[in-house]
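Structural characterization, general
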Amino acid sequence: MTGGAGFLGLHLVRERLVRGRHVTVLAHAGGAPGRERIERFLDATGDIGRLPAPLGELLTVVPVDIAQPLLGLPRLEHRRLARIAGEVWHVAAAVELHGRDEHVWRTNVLGTQNVLRLASLAPRETPFRHISTAFVAGTRQGHISEDDIPVNGNGSGDGFENTYERSKHEAENLVRDWAGRLGRRALIFRPGVLVPPGPRSVPELPSHTLSTFYRGASRLPGKGGRTVLRLGGDPRARLNLLPVDWAADAMACIASGDGTAGVSTVHVVHPVDVPIRTIAAALEDVCPVRIRITPAMPGEPTAVERIFYRRIAGFLPYLHHRRHFDDSALRKRTPGLSPPPLIDRTYLRFCFGVHAPVAKTSA
């Protein structure tokens, strides 16, 4: 599994370890030690004591660079890892929504190519699990089907909001082409925006998507009171937010029962989308700001607004999104899984602040 020490990967690894499955995590070389991150996570969740065997017997961590040929490994080690794989999970990705376009493309596209080369050397029956994103839909609105296959601009001439979406679209195409040419099995998961498991959880080790909003608003300059921030958007817009632990459970459930030949795609999404007005209200609860949703971005933003816009630039287009992701395959393939908890204002306060107190001002 690539990305096994990341936000989603930690939960996927935990699920397998608790079931006594051995996991070889291909962790990013040069970053925080993957084994330490996984151990801290298992300690914090209390799962270290639930493992059916010592962690050292269940977990192997191999430092790699997925953007390098052979993942930066010696050829014999690369081949050995492929040969022993019972399944291959490609979870690692760069999720930056603005800036560093070259890094995003190298990680998400070239990285996928390199992981597929590893999977090509695995036994023919070894399935490939690829974590994509529901946002390969690009700028499309309305009903988004799980059967939609993104080919050449989503097949309808629509574009993408950022390099991240475009790179994940291209990565999906690589997986489909690979499976078709080699007659392999591939399962593509398209999650919505993943958020922490809720107030009952421990603080997450890696950062998560919504924390960008909190960091952007909480660090704005100001002296008392509340800073007014005008954001161009559709007041009817909504986003699909899903607890990361529920997403991991759903993916594991689907993968364990997967016998589909060829390529199948599943939207791993919440059945209820969250209005951006609810997200704005939760941000106001934990930061000394007032959010005003306006039809368009201000023509003459204040100095504070310019700072905020730069910090959340990658999210601004999503304030106009009005669409619903079809979850037919998800519901069909997870019949015994309880629905995810409702993502409401109280839940979002935790997501933004990660235990931050409600903002207190004189306003």
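Residues numbered from 1 in each chain as written. Predicted model: local features only at pLDDT ≥ 70, side-chain atom pairs only at ≥ 80, totals over all residues. Heavy atoms only, no water.

In this approach a probe as big as a water molecule rolls over the atoms, and the regions it shows empty are the leftover space. The computed volume of the second largest pocket comes to approximately 370 Å³. Forming the boundary of the second largest pocket are 18 residues, of which Met1, Thr24, Ala85, Gly86 and Glu87 lie nearest the centre. Top element by residues in the lining of the second largest pocket is strand β1 (residues 23–28). It accounts for three residues. Residues that form the lining of the second largest pocket fall into these classes: 11 nonpolar, four polar and three charged. (1 Å grid on protein atoms, 1.4 Å probe; cavity = no way out; pocket = protein on both sides within 12 Å on 5 of 7 lines; lining within 4 Å. Points joined across faces, edges and corners; volume = space filled by probe spheres on them. Helix = DSSP H or I, 4+ residues; strand = E, 2+ residues; numbered from the N terminus. Nonpolar A, V, L, I, M, F, W, Y, C, P; charged D, E, K, R; others polar.)

Summed over all chains, the structure comprises four aromatic pairs. Both rings, one in Trp89 and one in Phe189, keep their centres 5.9 Å apart while their planes meet at 15°; by these two values the pair is stacked. Placement of the pair is Trp89 in strand β3 (residues 88–90) and Phe189 in strand β6 (residues 186–191), with a sequence separation of 100 residues. What makes Trp89 buried here is its relative accessible area of 2%. Its relative accessible area of 0% is what places Phe189 among the buried residues. Residues Phe128 and Trp178 carry aromatic rings whose centres are separated by 5.4 Å and whose planes lie at 50° to one another, so their mutual orientation is tilted. Here Trp178 lies in helix α6 (residues 163–182) and Phe128 lies in strand β4 (residues 128–131), a separation of 50 residues in the sequence. You can call Phe128 buried: its relative accessible area is 1%. (Phe/Tyr/Trp six-rings, centres within 6.5 Å; stacked < 30°, edge-to-face > 60°. Buried < 20%, exposed > 50% of the residue type's maximum accessible area, 1.4 Å probe, protein only.)

Taking 1.5 Å as the rise per residue, helix α2 (residues 34–45) with 12 residues should run 16 Å; its terminal C-alpha atoms sit 17 Å apart, in good agreement. Every buried residue of α2 is listed here: Gly34, Ile38, Phe41 and Leu42. Looking straight down α2, one finds its buried side chains confined to an arc of 95°; they lie on one side. Packed against the buried residues of α2 are α1 (9–18), β1, α3 (55–58) and β2 (59–64). Just past α2, the residue Gly46 takes up positive phi, approximately 80°. (Expected span 1.5 Å × (residues − 1). Arc of directions from axis to C-beta. Contact = heavy atoms within 4.5 Å.)

Residues with a pLDDT of 70 or more make up 90% of the chain, whose mean pLDDT is 88. The low-confidence segment residues 152–157 (pLDDT under 50) makes 13 contacts with residues lying over four places distant or belonging to another chain. In this model, residues 355–363 is a region of pLDDT below 50 whose contacts with residues beyond four sequence positions or in other chains number 22 contacts. (pLDDT = per-residue confidence, 0-100.)

Orientation of α1 relative to α2, taken along the N-to-C sense of each, is 70°, at an axis distance of 11 Å. Taken as axis vectors, α1 and α2 run roughly perpendicular relative to one another. Like other packed secondary-structure pairs, α1 and α2 cross with a definite hand, here right-handed. Facing α1, whose interface residues are Leu10, His11, Val13, Arg14 and Leu17, α2 presents Arg37, Ile38, Phe41, Leu42 and Thr45. Residue composition of the contact of α1 with α2, grouped by class: six nonpolar, two polar and two charged. (Axes fitted to C-alpha atoms, helices over the stretch in contact; angles between N-to-C directions. Parallel < 35°, antiparallel > 145°, perpendicular 65-115°, else oblique. Left-handed = near helix turned anticlockwise from the far one by under 90°.)

What follows covers the sheet that holds β4. Read across the sheet, four strands follow the order β3-β4-β6-β11 without closing on themselves; strand pairing throughout is parallel. Looking at the sheet topology across the chains shown, the edges are occupied by β3 and β11 (263–268). The mean inter-strand angle of the sheet, taken between neighbouring strand axes irrespective of direction, is 15°. Contacts from helix α5 (residues 101–120) reach β3 and β4, with the element oriented near 180° to β3. (Pairing = 2+ DSSP bridges.)

In this model, Leu70 sits at a positive phi of 60°, which is unusual for a non-glycine residue. Checked against the element boundaries, Leu70 lands in the loop between β2 and α4 (75–83). For Leu70, a relative accessible area of 27% corresponds to the partly exposed category. Phi angles above zero are rare outside glycine, and Leu71 is one such case at about 60°. With respect to the element layout, Leu71 can be found in the loop between β2 and α4.

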